[in-house]
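Examination of the molecular architecture
Spelled out, the chains give:
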Amino acid sequence: MSNIDKATVAKIARLSRIKIEEDKLEPLAGELNNILGWVEQLEEVNTDNIEPMASVVDAKLRWRTDDVNDGDKQESVLKNAPRAEFGFFAVPKVIE
Amino acid sequence: MTDLNKLKIAEARDLLRKGELTARELTETHIKAVDEADVLNAYIEKTPEIALEQADKADAMIKAGDAPAMAGIPVGIKDLFATKGVHTQACSKILDGFKPEYESTVTQKLWDNGAVMLGKVNMDEFAMGSSNETSYYGPVKNPWRRGDTDTVPGGSSGGSVAAVAGFAAMGATASDTGGSIRQPAAFTGTFGIKPTYGRCSRYGMVAFASSLDQAGTITRDVRDGAIMLEAISGFDSKDSTSVDVAVPNFEAALTGDIRGMKIGIPKEYYLDGMSSELEALWQKGIEWLKAAGAEIVDISLPHTKYALPTYYIVAPAEASSNLARYDGVRYGLRETVEGGGLEDMYEATRAAGFGDEVKRRIMIGTYVLSAGYYDAYYLKAQKVRQLISNDFKEAFKSVDAILTPTAPSAAFAPGEKSDDPLAMYLNDVFTVPASLAGLPGSSVPAGLDEGGLPLGLQVLGKPWDEETVLKVSGVLEEAASFNHEPKVWWR
C-alpha cells in the first residue's frame with residue numbers, strides 16, 4: 001500500500017514543519033517505507049464491526065463548576081519564551 | 001555504617017524512624033555516589049543543594065513523628081517530569097534551557113512525602129527509544145557489563161535504571177509508553193512497575209503518546225517499588241484521564257501468599273528463535289509460582305503479534321500531535337532564518353531541535369493521520385488495539401495474573417541496534433500489548449544469562465489490581481533470590 005517517494009517525504013516534512021535537506025529525502029523514504037511496510041501486516045486482521053479504541057479509560061470528561069481558579073500568570077507564562085516583548089510572545093514578522 | 005547507598009528504601013525508612021540514621025547522612029552519601037557514577041551518564045542535572053534542603057526538612061518531619069515512608073529517601077527524577085525551576089527537557093535539544101514554572105503532580109507527591117531529589121536522570125529523547133541512545137545528552141551506560149564490554153541500560157528510562165542499579169539513587173521515577181519501565185528494569189536487574197493507566201497523574205509529564213503514557217517507578221526490590229508507587233499514585237483533577245479510585249496500601253499486598261491464584265501463560269509469547277535460556281527462565285518462573293501454590297493456566301492472547309505494528313501507528317500519531325507544540329515560540333529552542341518568516345522559523349527550529357528518531361516518528365504519525373491514509377492506518381490500528389484489549393479481558397476471566405519474559409534478550413551492546421529502527425522496536429514485543437490495554441505490569445529480576453547479565457520476568461494484572469502484580473512479583477523475587485550486583489567499574 002505504502003510507496004513513499006521523495007516527493008511524499010517532502011510533503012510529510014512540510015506538514016510536520018520539519019526542514020529536511022534535499023539529500024536526506026531519499027534515505028528517509030527508505031526508512032519510512034520499511035516501517036510502513038511492516039505495520040501494514042494489520043491489513044490481515046479482520047476488524048469488521050470492531051469499535052476503534054481511543055482510550056483505555058472512560059472517555060467522558062469530568063465537569064467542574066465554571067469558576068476562575070487560575071490565571072494572572074503573565075510573567076510565569078512568558079518566562080521561558082525565546083523572545084517576549086510588551087507582555088507578548090514575539091515572533092518574526094508575519095505580515096508584510 | 002558502611003555502604004549507606006546500598007540500603008533499600010524499606011531498610012532506610014526503618015533506620016530513619018528509629019533515629020539510627022539521618023536523612024542528611026543518607027543524602028550526603030548519595031550525593032557522593034552520584035558524583036562517583038558520572039561515567040554512567042545517568043544524571044544529566046544534579047541538584048545537591050535542593051537535596052540537602054529537602055533532607056533537612058525530612059529530618060524535621062521524622063523527628064516530629066509519623067513521617068511518610070518516603071521521608072528522607074534520595075531519588076532520581078526522569079527528565080520528563082516537570083520540576084519547578086529545574087532542568088526539564090525530556091532529554092531533547094528542542095526544550096533547550098526550559099525550566100518549568102510549575103511542578104508535576106508525581107514529583108509534588110514525592111516532595112510532600114518527604115523524598116529527596118538528587119537530580120534529573122537521562123532518558124531517550126521524548127522517551128522514544130529502547131536503549132537510551134537517542135538522548136541529546138548522550139547515551140547512558142549500563143552498570144552491568146558483558147565481561148569488559150559495555151551494554152545499554154535499555155530505554156527509555158535508561159538513566160532511572162542506571163542510577164538505581166549503580167547505587168546512585170534508592171529509587172527513581174520512570175514512565176512507560178510501550179515498555180519504558182519494564183524493559184530497562186529487566187536489563188539492569190532492578191524492579192520496575194507500571195501501574196494501570198490513570199493511576200498516576202500525567203500533569204506535568206512531558207507528553208509522548210497521551211493514551212499510553214503512564215508514570216511508574218524503578219527500585220532495587222519489590223517492597224521498595226510498592227512503597228514508592230503508593231507515594232506517587234492517586235487521583236488528580238489536573239489530569240482529565242486520571243481516575244478517581246482509592247489507592248490501596250501496596251506494601252500490605254506483599255503477603256507472599258498466592259495459594260490458589262491462577263496464573264496465565266500466553267502461548268503467543270513463545271517466539272520463534274527465543275533463546276533457550278530465556279525460555280528456561282520463564283519455565284523456572286512457572287515452577288516457582290506452582291511451588292508457591294498457584295495454579296498455572298495456559299491461555300491465548302491471539303492478537304499479540306499485531307501489538308507492535310499497532311503501537312507504531314498509534315504512538316507516532318499521538319506524538320506528532322503532542323510534539324506540534326514545539327515551535328520555537330513559547331519555550332525552548334528557536335532557530336531563525338536570515339530574512340525568513342514565521343514558517344521558516346518553525347521548520348528550522350524543529351529541524352535543529354529534534355533528533356533523528358523523534359523526526360522519524362513525527363513524520364510517520366503525520367503520514368498515518370493525513371487525508372487519504374487515516375482510515376487505512378490510524379483507524380485500523382485503533383480497531384486492532386480494541387482486539388488486543390479484548391484478548392486480555394477474555395484471559396482475565398479465567399486468570400488473576402499473567403507471567404511472561406520481560407524482554408526478548410538481555411542487554412545488548414551500544415550501536416548494535418541503533419541503525420535499524422525495526423530491530424530496536426522488537427525489544428518491546430512483550431511489553432507493548434499491556435501498554436496498549438492500559439494494564440499494570442512489572443519486571444522482576446529473575447536470573448542471569450550466560451554472559452552474566454540480568455534477565456527479567458514480567459507480571460501483568462487486571463486493571464487497578466497492582467496489588468496482585470506486586471504480590472506475584474514478591475513471590476518470584478523470593479524464589480529467584482536474585483542477590484547479584486554489578487561489579488563496580490565506574491568509580
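Everything that follows concerns the structure shown earlier in this document.
Report follows, based on the coordinates. Just so it is clear, the model here is predicted, and its values are computed rather than measured.

**Focus on the pattern of salt bridges**
Using the criterion set out here, one finds 33 salt bridges over all chains in the structure. A salt bridge links B:Arg145 to B:Asp150; the nearest nitrogen and oxygen atoms lie 3.6 Å apart. Put simply, B:Arg182 and B:Asp176 hold a salt bridge, and the shortest N to O gap is 2.8 Å. For the pair B:Arg182 and B:Asp176, one class covers both residues: buried. A network of salt bridges, in which partner residues are shared, links A:Arg14, A:Arg17, B:Glu343 and B:Glu347.

**Things to note about the packing of helix α7 (residues 222-232) of chain B against helix α15 (residues 466-480) of chain B**
Residues and elements named next belong to chain B. At their nearest, the axes of α7 and α15 sit 9 Å apart, and the two run at 160° to each other. On the basis of their axis angle, the class for α7 and α15 is roughly antiparallel. Pair α7 / α15 crosses with right-handed handedness. Listed contacts from α15 to Val222, Ala226 and Leu229 of α7 are Glu466, Leu470, Ser473, Gly474 and Glu477.

**Focus on the nonpolar core**
Residue and element names in this part refer to chain B. Judged by nonpolar contacts, the single largest core of 175 residues is most densely connected at Met70, Leu110, Phe126, Phe392 and Leu403. At nine residues, the largest contribution of residues to this core is made by helix α9 (residues 307-322). Excluding anything up to four places from it in sequence, Leu403 contacts Ile263, Gly264, Ile265, Pro266, Trp282, Gly285, Ile286, Leu289, Leu457, Gln458, Val459 and Leu476.

**Looking at the environment of B:Leu342**
Counting through the fold element by element, B:Leu342 comes out in helix α10 (residues 342-353). Those residues in contact with B:Leu342, other than ones at most four positions away along the chain, are A:Val91, A:Pro92, A:Lys93 and A:Val94.

Cut-offs used in this document
- Residues numbered from 1 in each chain as written.
- Chains lettered and ligands numbered in written order.
- Predicted model: local features only at pLDDT ≥ 70, side-chain atom pairs only at ≥ 80, totals over all residues.
- Heavy atoms only, no water.
- Salt bridge = Lys/Arg side-chain N within 4 Å of Asp/Glu carboxyl O.
- Buried < 20%, exposed > 50% of the residue type's maximum accessible area, 1.4 Å probe, protein only.
- Axes fitted to C-alpha atoms, helices over the stretch in contact; angles between N-to-C directions.
- Helix = DSSP H or I, 4+ residues; strand = E, 2+ residues; numbered from the N terminus.
- Parallel < 35°, antiparallel > 145°, perpendicular 65-115°, else oblique.
- Left-handed = near helix turned anticlockwise from the far one by under 90°.
- Contact = heavy atoms within 4.5 Å.
- Core = buried A, V, L, I, M, F, W, Y, C linked by side-chain atoms within 4.5 Å.

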